[in-house]
Amino acid sequence: MAGGAARRLLLAALLGALPAAAERELRFRPPAEAPVRLFTEPELARYDGQQEGQPIYLAVKGVVFDVTSGKEFYGKGAPYNALVGKDSTRGVAKMSLDPADLTHDTTGLTDEELKSLDDIFNNVYKAKYPIVGYTSRRILNEDGSPNLDFKPEDQPHFNIKDEF
């Protein structure tokens, strides 16, 4: 809404002359930022590109991306379909579709593979696909307590302490 129009609506509201539709728009405006969505492994697995009309999700570094717009790459029978429906961080780092590499675990990756992971994460996934949530492993510690160091990639002002 333009600044002048907003001022007129505010003035009208203060004077009691706000049209009903404009009043509803001001009163029921959705939050500026979407809540952070947490995905468990079984929930993420439902978005594996096998069902027509269902979104296709891929997690890298615990960040869940909606890669549906890249259906020709990630959809059923597509070349990178093995990466979707899970956190495939290791596979992305190694540029591998080996089932053993389709995991969140980065243990033992070389410096070159870690650099490749960061480059692909930032210049492909974050640049091209919307973030729809985070894996539980990224938000929670092993014991289920909140990871106080968690910061969403797309919401820099988010504070996990506000969620609990």
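Conventions used here
Residues numbered from 1 in each chain as written. Predicted model: local features only at pLDDT ≥ 70, side-chain atom pairs only at ≥ 80, totals over all residues. Heavy atoms only, no water. pLDDT = per-residue confidence, 0-100. Contact = heavy atoms within 4.5 Å. Helix = DSSP H or I, 4+ residues; strand = E, 2+ residues; numbered from the N terminus. Expected span 1.5 Å × (residues − 1). Bend = angle between axes of the 7 residues up to and from the residue. Buried < 20%, exposed > 50% of the residue type's maximum accessible area, 1.4 Å probe, protein only. Pairing = 2+ DSSP bridges.

Remarks on the confidence of the model for the chain
And then number 1: With 72% of its residues at a pLDDT of 70 or more, the chain shows a mean pLDDT of 82.
And then number 2: pLDDT under 50 marks residues 9-15. Its contacts with residues more than four places away, or in other chains, come to six contacts.
And then number 3: Below a pLDDT of 50 lies the segment residues 28-32, which in the model reaches one contact outside its immediate sequence neighbourhood of four places, other chains included.

Focus: helix H6 (residues 111-128)
And then number 1: Taking 1.5 Å of rise per residue, the 18 residues of H6 would be expected to cover 26 Å, and the 25 Å separating its terminal C-alpha atoms lies within 8% of that figure.
And then number 2: Along its length, H6 shows its largest kink, about 35 degrees, at Phe-121.
And then number 3: Every buried residue belonging to H6 is among Glu-113, Ser-116, Leu-117, Ile-120, Phe-121 and Tyr-125, and all of these are buried.
And then number 4: Where H6 is buried, its residues contact strand E2 (57-60), strand E3 (63-66), helix H4 (71-74) and helix H5 (89-94).

A word on the sheet that holds E2
And then number 1: Taken in spatial order, the four strands make up an open sheet running E1-E4-E3-E2, and their pairing is mixed. The outermost strands of the open sheet, each flanked by one partner alone, are strand E1 (38-39) and E2.
And then number 2: Pairing geometry for E2 and E3, over four bridges, is antiparallel. Bridge assignment links Tyr-57 to a residue of E3, and that residue is Asp-66.

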